[in-house]
Amino acid sequence: YLYPNQYVNFSAASPCVEKAKELATPCNNDLEVVSNIYNHVINTVTYDYKKAETVQSGYLPNPDDTLATHTGICLDYACLMASMLRSQRIPTHMEVGYAGEVYHAWISTYIQDIGWVNGIIQFDGINWSLMDPTFASSTDAKELKKFIGDGSNYSVKYIY
């Protein structure tokens, strides 16, 4: 889970790879890279409700478009983050399934000495908590924590 595919589509020349390098440069470890990329995505990308209503079956995201337009749906958020993390040699799953009853996309990532951390994660230096960049960028923090809970609302159907 370090290489591009049809959903996590990037190359060495991709703007999202350049942005990931920029965000990773000051970091001392993978945890800091994950945190910087996560925070960048949730603070710069807004949810595109119109796109969500009109997206066609078979839609393939373009991480560079999401980075440039600062908008996207859950698949765009997940693919952008997966592209950025994979480009920095951090193994990352782009996952599609259900969050409650909503069809949704998110990521899981592999952290050296910890293993796979399932679901979008946030690390405060002591504890891991499940997070979701799509909902985090567009939902009140208290409501978000209530919905995400312990992660049992999430069920994976596909991993890319």
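Keep in mind that this is a model prediction, so the values were computed, not measured.

Draft legend 1. The arrangement of the overall build of the protein chain in detail. Looking only at helices and strands, the protein chain features seven helices and eight strands. Across the 160 residues of the protein chain, 44% fall into the buried class. Restricting the contact set of the protein chain to residue pairs at least 6 apart, pairs at least 24 apart contribute 58%. Approximately 8500 Å² of the protein chain is accessible, and the part contributed by carbon and sulfur atoms is 51%.

Draft legend 2. Structural view of the packing of aromatic side chains. If you walk through the whole model with that rule in mind, you get six aromatic pairs. When the ring of Y110 is compared with that of W116, the centres are 5.6 Å apart and the planes differ by 70 degrees; the resulting orientation is edge-to-face. Relative accessible area serves as the criterion here: at 28%, Y110 is assigned to the partly exposed category. An aromatic cluster is defined as three or more aromatic residues linked by ring pairs; in this entry it consists of Y1, Y110 and W116.

Draft legend 3. View of helix α5 (residues 74-87). Counted at 1.5 Å a residue, the expected span for α5 with its 14 residues is 20 Å, and the 20 Å between its end C-alpha atoms agrees. Counting buried residues in α5 gives 14 out of 14 residues, a clear majority hidden from the surface. R89, located one to two residues past α5, shows a positive phi value of around 65 degrees.

Draft legend 4. Local environment of the side chain of D76. Along the chain, the position of D76 falls in helix α5. Given a relative accessible area of 0%, D76 falls into the buried group. Engagement of the side chain of D76 in a polar contact is seen with the side chain of Y59, the distance being 2.5 Å. Here D76 is in contact with K51, Y59, P61 and T66, once residues within four sequence places are set aside.

Draft legend 5. Structural detail: the environment of N62. Within the element layout of this structure, N62 appears in the loop between α3 (49-54) and α4 (63-69). Judged by relative accessible area, N62 falls into the partly exposed class, the value being 33%. In the structure, N62 is positioned 56 residues away from Q6 in sequence and 9.3 Å away in space, judged by C-alpha atoms. Within the structure, N62 has its side chain in polar contact with the backbone nitrogen of D64 (distance 2.9 Å).

Draft legend 6. Examining unusual backbone geometry more closely. Of note in this structure, H70 is not a glycine but carries a positive phi near 60 degrees. Its location among the elements puts H70 in the loop between α4 and β2 (71-72). Residue H70 is classed as partly exposed on the basis of its relative accessible area, which comes to 37%. One non-glycine residue with positive phi stands out, namely R89, at about 65 degrees. Examined against the element boundaries, R89 turns out to sit in the loop between α5 and β3 (92-99).

Draft legend 7. Layout of helix α2 (residues 30-44). Between the first and last C-alpha of α2 there are 21 Å, a value that for 15 residues agrees with the 21 Å anticipated at 1.5 Å per step. Listed as buried for α2 are V33, V34, I37, Y38, H40, V41 and I42. Between a side-chain oxygen at the N-terminus of α2 and the backbone nitrogen of L31 the separation is 3.1 Å; the capping residue is N29.

Basis of the calculations
Residues numbered from 1 in each chain as written. Predicted model: local features only at pLDDT ≥ 70, side-chain atom pairs only at ≥ 80, totals over all residues. Heavy atoms only, no water. Helix = DSSP H or I, 4+ residues; strand = E, 2+ residues; numbered from the N terminus. Buried < 20%, exposed > 50% of the residue type's maximum accessible area, 1.4 Å probe, protein only. Contact = heavy atoms within 4.5 Å. Areas by Shrake-Rupley, 256 points an atom, 1.4 Å probe, with all protein chains shown as cover. Phe/Tyr/Trp six-rings, centres within 6.5 Å; stacked < 30°, edge-to-face > 60°. Expected span 1.5 Å × (residues − 1). Polar contact = N/O pair within 3.5 Å; in protein donor to acceptor, adjacent residues only side chain to side chain.

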